[in-house]
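Listed here are the chains, written in short residue letters.
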Amino acid sequence: MTKIQELYRLAGELGDGRKEELQERIVKAIYRQAEAISGRVVSRHPGWACDWDRRIDDVVTSRLTGFPLMLLLLGVVFWVTIVGANYPSEILAALLFGLEDPLSFLFDYTGAPQWLCGMAVQGVYRTVAWVVSVMLPPMAIFFPCFTLLEDLGYLPRAAFNLDGLFKRAGTQGKQGLTMCMGFGCNAAGVTACRIIDSPRERLIAILTNNFVPCNGRFPTLIALATLFFAGSLSTSLSFMATAVVTTLVLLGVTVTLLVSYLLSKTLLRGLPSSFVLELPPYRMPQVGRVIVRSIFDRTIFVLGRAVTIAAPAGAVIWLLANNSIGGQNILKGMANFLDLPARFLGLDGYILTAFILGLPANEIVLPILLMGYLAQGTLVEPANFQDLGNLLVAYGWTPVTAFCFMLFSLLHYPCGTTIWTIYKETKSFKWTIAGVLIPLAVAVIVCGLVNFVGRLILN
Amino acid sequence: MGFNDGLKSLAELPVRSFAYVVTVGGQGLTRRRLLDLGFVPGTLIEVIRSGPCGDPVAYGVRGTTVALRREAAGEIQVKAAGKGWPGWA
Amino acid sequence: MGLNNPVQLCVTLVGNPNTGKSTIFNALTGLRQHTGNWPGKTVLTARGVYHYKGREFLLIDLPGTYSLVANSPEERVARDFLFFGHPDATVVVADATCLERNLNLALQVMEITSRVIVCVNLIDEARKKNLNINIAVLARELGVPVVATAARTGQGLDELKDLIYAVACGYITPCPREIGYGHYIEERLQKLLPLIQPYVSERRQARWLALRLLEGDESLLETWANKHLRDDSYD
Ligand SMILES: Nc1nc2c(ncn2[C@@H]2O[C@H](COP(=O)(O)OP(=O)(O)OP(=O)(O)O)[C@@H](O)[C@H]2O)c(=O)[nH]1
Ligand SMILES: [Mg+2]
């Protein structure tokens with residue numbers, strides 16, 4: 001007999017098959033000691049300290065105000081982001097696009113070939129400028145707000161409130177925490193699913209994390225909501241845009257719950273496991289530091305992505321838009337090919353092409369789309385937000401198109417990095433593919449329906 | 001009076017009441033987690049509040065607050081210590 | 001990593017979730033691990049280097065755990081690292097506002113390794129709640145060095161670095177108090193210990209392993225057996 005088997009046998013014999021009881025004895029002995037020590041070490045000063053935690057929780061988790069407060073917080077954060085990002089976006093756009101002409105001039109001056117100038121300025125530079133001016137301001141405002149809530153200790157309360165709903169969907173409240181992380185980045189959200197102990201529920205959380213709009217999609221939603229539903233950004237219209245974005249996020253949560261429910265009933269059948277979550281005390285965040293830090297972090301992050309992803313994507317898209325195969329412009333060819341299915345979803349061929357080419361990173365979808373449109377002979381050279389709206393309208397966008405675009409962006413499929421993370425976390429091709437196909441199916445169904453109904457109403 | 005008289009499950013206790021843990025049932029990971037969080041026999045537990053959907057309930061254990069579902073709380077047998085702070089036994 | 005580099009000392013941070021491990025990690029290494037007020041913020045182990053008194057330290061930020069036995073992935077990571085990684089020093093980060101629950105983990109860590117420093121963090125929060133913690137008595141009761149810190153403001157971090165330095169370099173040898181488990185378990189332990197002792201350098205680790213054997217913690221034993229018993233498993 002091997003030694004290890006002998007050890008096992010002896011241990012099993014000694015344990016008498018009463019593993020549970022032994023465990024309890026061991027934990028009890030340790031806790032008894034911990035209790036004794038802390039009894040000797042910890043003393044309470046006389047004096048009255050108000051138990052703020054409980055007072056706050058009375059409001060934050062109450063039956064009456066718990067959910068409305070969650071909604072209100074979400075709405076306020078979005079509103080602050082929408083209103084706050086508008087002005088900096090304008091300035092950034094004006095600044096960056098103002099530099100475009102001098103840059104072209106510089107290229108001409110140095111005698112660089114025409115194609116190089118086109119690729120560098122109209123391809124790379126323009127895409128980067130779009131990414132920075134559309135993405136950076138909302139991120140730099142949303143994240144400090146979100147981090148403040150996180151440091152305060154609100155997230156576990158949200159998970160506590162939501163657990164009842166998730167339980168009905170066959171999973172648990174910690175999925176809510178992973179969704180919150182998904183706001184930052186879906187890849188981070190997928191990794192955060194490790195806090196869920198049950199493998200079945202973890203997998204469901206991984207597969208549905210995509211329904212939370214991440215870093216790259218959230219500003220796209222805000223930009224479109226601002227353009228189409230808050231034209232001049234008067235106060236009432238900014239509320240309108242906030243309502244649109246909040247509705248979209250709520251829709252994402254609803255879809256998460258529904259898909260989780262369906263998965264629990266079909267592919268990942270099982271009963272909800274347990275939900276054990278510690279609710280930490282509220283802590284006062286270091287407000288100044290959090291704001292400076294997260295603005296700084298986000299700026300670095302967005303700029304980093306702009307250089308590593310948007311710049312090469314800009315070059316590729318310029319090449320596609322300016323080269324032909326067999327007399328047919330490549331980009332135009334792709335768009336024409338995709339136009340029919342896209343119309344069914346309330347989009348057009350260029351939009352669908354942009355989503356497909358935007359697979360590596362969601363923040364480049366909108367810039368790619370603009371490049372695609374602009375390459376078709378320039379109707380308007382958009383140098384600010386208002387022009388951007390006009391450009392889209394000139395290409396036949398209606399509010400239904402905008403709404404379908406936002407829905408498709410919210411639902412479609414995770415970005416390349418996230419897909420890779422899903423593979424790393426699940427170590428399974430099957431589930432990675434499911435992580436792409438499930439959202440895609442949902443996106444097609446929802447957009448198809450909305451388009452159908454929207455057209456009925458509008459006509 | 002026998003030792004097991006007046007035993008209830010933790011899930012049955014009303015909000016704002018106190019009880020001592022007598023046994024922790026269940027098995028596997030959940031049971032182990034409960035023990036590690038301090039739900040060991042002899043511990044005083046406070047039922048702090050229930051969530052908006054009524055289900056997860058927040059319990060005060062050894063100076064911390066832990067949310068449990070009804071199923072998990074149901075595995076913990078307790079002896080009620082009445083309302084109000086009973087002091088350490 | 002530290003293990004194949006004799007100049008670099010390897011230091012791990014363990015502790016209950018949300019006690020400020022990542023905050024301490026950031027303060028010591030100057031890196032920017034994400035922190036947040038909820039249990040489970042860190043799920044991946046982070047590494048960072050810092051220098052103190054001419055020595056190089058590799059600091060490892062482990063995910064938070066409530067114990068070292070339960071079989072959730074993060075607890076397994078923490079446990080395997082402490083048991084197999086043989087860090088030069090281990091800092092148990094404890095939350096001053098609920099010391100009892102945090103000592104539960106500290107005592108478990110002290111069963112695996114003796115090179116332990118207990119860092120009572122969030123001391124500012126405890127003060128706000130009118131709690132006073134007698135650090136000297138705590139150190140005496142545990143048998144290891146203890147330091148009170150408020151990681152966010154940097155209070156006590158110099159002393160922590162001093163202690164890490166002293167323990168990792170061997171200038172201080174902590175001698176953690178052993179936990180008595182009562183007759184029933186001790187009797188069984190005595191029967192198992194002689195069989196395990198030959199494979200483990202420290203008596204402390206043999207005792208810990210025997211306890212896990214009694215509990216039937218199979219995942220650990222497989223890892224251990226693969227490491228230590230493979231060569232001579234056939235008599
Ligand atoms: N007031 C106060 N807050 C602190 C202190 N140290 C950390 N915090 C805060 O406590 C929260 C948790 O800190 P983390 O460093 O993320 O905790 P952790 O131990 O890494 O948590 P996990 O990764 O979940 O295990 C953060 O919001 C910190 O800002 C401190 O000394 N005082
Ligand atoms: Mg951490």
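Note that this is a predicted model, so its numbers are computed, not measured.

Q: Can you walk me through a nonpolar patch on the surface in this structure?
A: Residues and elements named next belong to chain A. Together, Leu-152, Met-284, Val-287, Ile-291 and Ile-295 make up an exposed nonpolar region whose accessible area comes to about 380 Å². Sort the elements by how many residues they give to the nonpolar patch and helix α13 (residues 287–322) lands first, with 3 residues. Position of Val-287 relative to the elements: it lies in helix α13.

Q: It is not clear to me how the side chain of Glu-125 of chain C should be interpreted in this structure. Could you clarify?
A: Tracing the backbone shows Glu-125 of chain C in helix α4 (residues 123–128). Each residue touching Glu-125 of chain C, except ones within four places of it in the same chain, is listed here: Tyr-282 and Arg-283 of chain A together with Thr-97 of chain C.

Q: Sorry, what's going on with the coordination of the magnesium ion (ligand 2) here?
A: Residues and elements named next belong to chain C. The magnesium ion (ligand 2) binds to the protein through Ser-22 (OG) and Thr-42 (OG1); the donor distances cover 1.9 to 2.0 Å. Here the residue Ser-22 occupies a position in helix α1 (residues 21–29), and Thr-42 occupies one in the loop between α1 and β2 (46–52), the gap between them amounting to 20 residues. The exposure class assigned to Ser-22 is buried, which follows from its relative accessible area of 8%. For Thr-42, a relative accessible area of 13% gives the class buried.

Q: How should I be thinking about the pattern of salt bridges in this particular structure?
A: A pair can form between side chains of opposite charge whenever their charged atoms are brought close. Tallying each qualifying case throughout the model produces 36 salt bridges over all chains. With a closest N to O distance of 2.7 Å, Glu-24 of chain A and Arg-31 of chain B form a salt bridge. Placement of the pair is Glu-24 of chain A in helix α2 (residues 19–41) and Arg-31 of chain B in helix α1 (residues 28–36), with the two residues belonging to separate chains. Here the two residues Glu-24 of chain A and Arg-31 of chain B agree in accessibility, since each one is buried. In this structure, Arg-115 of chain C engages Asp-88 of chain C in a salt bridge whose closest nitrogen and oxygen atoms are separated by 3.8 Å. On the criterion of sequence distance, the pair formed by Arg-115 of chain C in the loop between α3 (99–112) and β5 (116–121) and Asp-88 of chain C in the loop between α2 (73–85) and β4 (89–95) is long-range, its members being 27 residues apart. Because the salt bridges share partners, they merge into one network encompassing Arg-32 and Asp-36 of chain B together with Arg-212 and Glu-215 of chain C.

Q: What is the right way to look at the packing of helix α4 (residues 66–98) of chain A against helix α7 (residues 154–168) of chain A in this model?
A: Two packed helices can be described by the angle between their axes and the distance between those axes. All names here are of chain A. The geometry of α4 relative to α7 is characterised by a closest axis approach of 11 Å and an angle of 125° between their N-to-C directions. Between α4 and α7, the crossing angle belongs to the class labelled oblique. As for how α4 packs across α7, the hand of that crossing is left-handed. Where α4 approaches α7, its residues Gly-66, Phe-67, Leu-69, Met-70 and Leu-73 are matched on the opposing element by Tyr-154, Ala-158, Asn-161, Leu-162 and Leu-165. The residue inventory of the contact of α4 with α7, partitioned by class, reads 8 nonpolar, 2 polar and no charged.

Q: Before we go on, may I ask you to explain the interface of chain C and chain B in this structure?
A: Where the parts come together, the accessible area they lose is often given as the size of the interface. In this assembly, 13 residues from chain C lie in contact with 8 residues from chain B. Overall, the association of chain C and chain B removes approximately 950 Å² of surface from exposure, summing both partners, and the carbon and sulfur fraction of that is 53%. Counting across the chain C and chain B interface gives 3 salt bridges. Note that Glu-100 of chain C and Arg-62 of chain B form a salt bridge whose closest N and O atoms lie 2.5 Å from each other. Our count for the contact surface shared by chain C and chain B stands at 5 residue pairs in polar contact (both at pLDDT 80 or more). Element by element, the count of residues in the side of chain C that touches chain B is highest for α3 of chain C, at 3 residues.

Q: Could you clarify how one ought to interpret the sheet that holds strand β7 (residues 146–148) of chain C in this entry?
A: Across a sheet, paired strands are connected by hydrogen bonds in the backbone, their directions being either parallel or antiparallel. Residue and element names in this part refer to chain C. Across the sheet, 6 strands lie side by side as β2-β3-β1-β4-β5-β7; this open sheet has mixed pairing. The sheet is open, and its two borders are formed by β2 and β7, each paired with just one other strand. Neighbour-to-neighbour, the strand axes of the sheet open up by a mean angle of 25°, direction not taken into account. Where β5 lies against β7, 3 bridges are found, and the strand directions are parallel.

Q: I tried to follow the site of ligand 1 on my own but got confused; where do I start?
A: The full set close to ligand 1 counts 25 residues, and Arg-283 of chain A together with Lys-21, Thr-23, Thr-42 and Ala-151 of chain C are the nearest of them. Near ligand 1, the surrounding residues belong to chains A and C. The separation between an oxygen atom of ligand 1 and a polar side-chain atom of Ser-22 of chain C is 2.8 Å. Contact distances for ligand 1 include 3.4 Å between an oxygen atom and a backbone N or O atom of Asn-37 of chain C. Out of a free accessible area of 660 Å², ligand 1 has 99% covered by protein chains.

What counts and how
- Residues numbered from 1 in each chain as written.
- Chains lettered and ligands numbered in written order.
- Predicted model: local features only at pLDDT ≥ 70, side-chain atom pairs only at ≥ 80, totals over all residues.
- Heavy atoms only, no water.
- Patch = residues over 30% accessible without salt bridge, like charges linked within 9 Å, V, L, I, M, F, W, Y side chains within 5 Å.
- Areas by Shrake-Rupley, 256 points an atom, 1.4 Å probe, with all protein chains shown as cover.
- Salt bridge = Lys/Arg side-chain N within 4 Å of Asp/Glu carboxyl O.
- Helix = DSSP H or I, 4+ residues; strand = E, 2+ residues; numbered from the N terminus.
- Contact = heavy atoms within 4.5 Å.
- Donors = N, O, S within 2.8 Å, 3.2 Å for Na, K, Ca; no water.
- Buried < 20%, exposed > 50% of the residue type's maximum accessible area, 1.4 Å probe, protein only.
- Axes fitted to C-alpha atoms, helices over the stretch in contact; angles between N-to-C directions.
- Parallel < 35°, antiparallel > 145°, perpendicular 65-115°, else oblique.
- Left-handed = near helix turned anticlockwise from the far one by under 90°.
- Nonpolar A, V, L, I, M, F, W, Y, C, P; charged D, E, K, R; others polar.
- Buried area = accessible area lost by both parts, 1.4 Å probe.
- Polar contact = N/O pair within 3.5 Å; in protein donor to acceptor, adjacent residues only side chain to side chain.
- Pairing = 2+ DSSP bridges.
- Near = heavy atom within 4 Å.

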